[in-house]
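Below are the chains, spelled out letter by letter.
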Amino acid sequence: MNLNIFKDFIPSASSVLLIYTGGTIGMKEDPNDGTLKPFDFSSLLDEVPELRKFGLRINSYTFDPIIDSSDVEPTLWVSLAELIKDKYDDYDGFVILHGTDTMAYSASALSFMFEHLTKPIIFTGSQLPVGRPRTDGKENIIAAVEIAAAKDSNGEALVPEVCICFNSQLYRGNRSTKVNATGFDAFHSPNYPPLAVAGINIKYNQNFIHYSSDKEAGLVIHTDLDTRVSILKVHPGITEQAVRDILLGDGSKAVILETYGSGNAISKSWFVEIVKEANKKGKILFNVTQCLSGDVDMDIYATGRSLKEAGVISGHDITTESALAKLFYLMGNYQDNTKIKQLLEMNLKGEISK
Ligand code: ASP
């Protein structure tokens, strides 16, 4: 990693650390093959001179190498958490520039990795590079920085959460999902309202923002992540062998079942038997709906009920991204499956409506 501190703008009480990991926001076209490739972050700052107008102290930190977020690994999340912990007392808020493809995964992961968070950690990126006409990147960075620096009259952060700021909306990170591959409205939070909306002014939805109950406790980070998780998306025509491979394979300790509607899967006996066998083998089975909104309720239909009876845990209205991150975090920090299953059912960081 490179510490690349650029000029302090006008000194002020508020300060933001901009952390650049890569993504379209900082890419430019390779003249040889026309593909988008990452470029040096300092050029990106030249493109957003408006940031100076806030009168904030803004420093930046550039990861080396900078990456397309399709290459994000949990090691990046650990580096981000350690960097923020290390710089926590020096800044009022943090903005992470990140590719959109896996932004919801990274934001979900960080939400579980921080304990007693009292400062904003705002992810943003863009669909068009900042250097392009009509870019959405400038607006996204400017709004993210303003929100990261925002405080109430007592000097407390207005949004002390891990969030995604995109297209004038601020979403809780572990409720967000990428919904559009090309439009500027790339993220939604289908099961939880936006925490803020940027119009002429930025309006904060304070009833929905989570504030740490123990502000004196000091930031703690959890960097042990166990990634032995697979995802099985059920679909018409899925073969017994494919289900067997994913549910019973030795590579995973937990499997997310991406099911239909309110948590329904195939009622055929071979499917239910494999689920039961996986449960007996000690696999943690977590039911997440394929639907964009609404939640899992395994008591409505017989097909859902048979999953519940086979030992599957309800994901309620969690996103797949958040389910994966929650499992990585819980399995990395608890050994006992009963405890992990109990915590999966609980609302830990505002990731489920429960
Ligand atoms: N492939 C890019 C990435 O996720 C897309 C983007 O940034 O929007 O890094």
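These lines cover the structure that appears in this document, whether it is placed above or below. What you see is a predicted model, and the numbers here were worked out from it, not measured in a lab.

### Remarks on the pairing of strand S9 (residues 162-166)
Across the 5 residues that make up S9, a large majority, 5, are buried. In this structure, strand S8 (residues 121-124) lies alongside S9, joined through 3 bridges in parallel fashion. Opposite Phe123, over in S9, you have Ile164 as the bridge partner. Chirality of the crossover, the property in question, places the unit of S8, helix H4 (residues 137-149) and S9 among those that are left-handed. The turn joining S9 and strand S10 (residues 169-172), which pair antiparallel and follow one another in sequence, is formed by 2 residues; a positive phi near 50 degrees is taken by Asn167.

### Brief notes about the site of the ligand
The full set of residues close to the ligand is Gly23, Thr24, Asp68, Ser69, Gly99, Thr100, Asp101, Ser126 and Gln127. At 3.0 Å, a side-chain N or O of Asp68 approaches a nitrogen atom of the ligand. A distance of 2.8 Å separates a nitrogen atom of the ligand from a polar atom in the side chain of Asp101. Within the complex, 91% of the 270 Å² of free accessible area of the ligand lies under protein. Residues that form the shell around the ligand fall into these classes: no nonpolar, 7 polar and 2 charged.

### Observations concerning the pairing of S10
As paired strands, S9 and S10 are joined by 4 bridges and run antiparallel to one another. Note that in S10 the partner of Cys163 across the bridge is Arg172. Relative to strand S13 (residues 196-198), S10 is paired through 2 bridges, and the arrangement is antiparallel. Looking at S13, one finds that Gln169 is bridged to Val197.

### Digging into unusual backbone geometry
Cis geometry is found at the peptide bond from Asp64 to Pro65, where omega equals 5 degrees. For Pro65, the position within the fold is in the loop between strand S5 (57-62) and helix H2 (74-87). The backbone of Asn167 shows a phi angle near 50 degrees, a positive value even though the residue is not glycine. Structurally, the position occupied by Asn167 is in the loop between S9 and S10. Here the phi dihedral of His316 falls at roughly 55 degrees; this positive angle occurs in a residue that is not glycine.

### Notes on helix H6 (residues 269-280)
For H6, with 12 residues, the first-to-last C-alpha span of 16 Å sits near the 16 Å given by 1.5 Å per residue. All of the buried residues along H6 are Phe271, Val272, Ile274, Val275 and Ala278. Summarising the axial view, the buried residues of H6 lie within an arc of 160 degrees, below the 170-degree limit, and thus occupy one face. Structural note: H6 exposes Ser269 and Lys280 on the side pointing more than 90 degrees away from its buried face. Against the buried residues of H6 lie strand S16 (229-233), helix H5 (240-248), strand S18 (284-289) and helix H7 (302-309). Directly after H6, the chain includes Gly282, whose backbone phi takes a positive value near 95 degrees.

### A short note on the pattern of salt bridges
Applying the stated rule across the entire model yields 15 salt bridges. Residues Asp317 and Arg175 are paired through a salt bridge, measuring 3.2 Å at the closest nitrogen-oxygen approach. One end of the pair, Asp317, is in the loop between strand S19 (313-314) and helix H8 (320-333); the other, Arg175, is in the loop between S10 and strand S11 (177-178), with 142 residues separating them in the sequence. A relative accessible area of 3% means that Arg175 is categorised as buried. Where Lys276 meets Glu273, a salt bridge forms, and the shortest distance between an N and an O atom there is 3.7 Å. One end of the pair, Lys276, and the other, Glu273, are both in helix H6, 3 residues apart, so they sit about a helical turn from each other. You can call Lys276 partly exposed: its relative accessible area is 33%. Three or more residues joined by partner-sharing salt bridges are found here, namely Glu240, Arg244 and Glu277.

Definitions and limits used
- Residues numbered from 1 in each chain as written.
- Predicted model: local features only at pLDDT ≥ 70, side-chain atom pairs only at ≥ 80, totals over all residues.
- Heavy atoms only, no water.
- Buried < 20%, exposed > 50% of the residue type's maximum accessible area, 1.4 Å probe, protein only.
- Helix = DSSP H or I, 4+ residues; strand = E, 2+ residues; numbered from the N terminus.
- Pairing = 2+ DSSP bridges.
- Right-handed = clockwise from strand over helix to strand, strands pointing away.
- Near = heavy atom within 4 Å.
- Polar contact = N/O pair within 3.5 Å; in protein donor to acceptor, adjacent residues only side chain to side chain.
- Areas by Shrake-Rupley, 256 points an atom, 1.4 Å probe, with all protein chains shown as cover.
- Nonpolar A, V, L, I, M, F, W, Y, C, P; charged D, E, K, R; others polar.
- Expected span 1.5 Å × (residues − 1).
- Arc of directions from axis to C-beta.
- Contact = heavy atoms within 4.5 Å.
- Salt bridge = Lys/Arg side-chain N within 4 Å of Asp/Glu carboxyl O.

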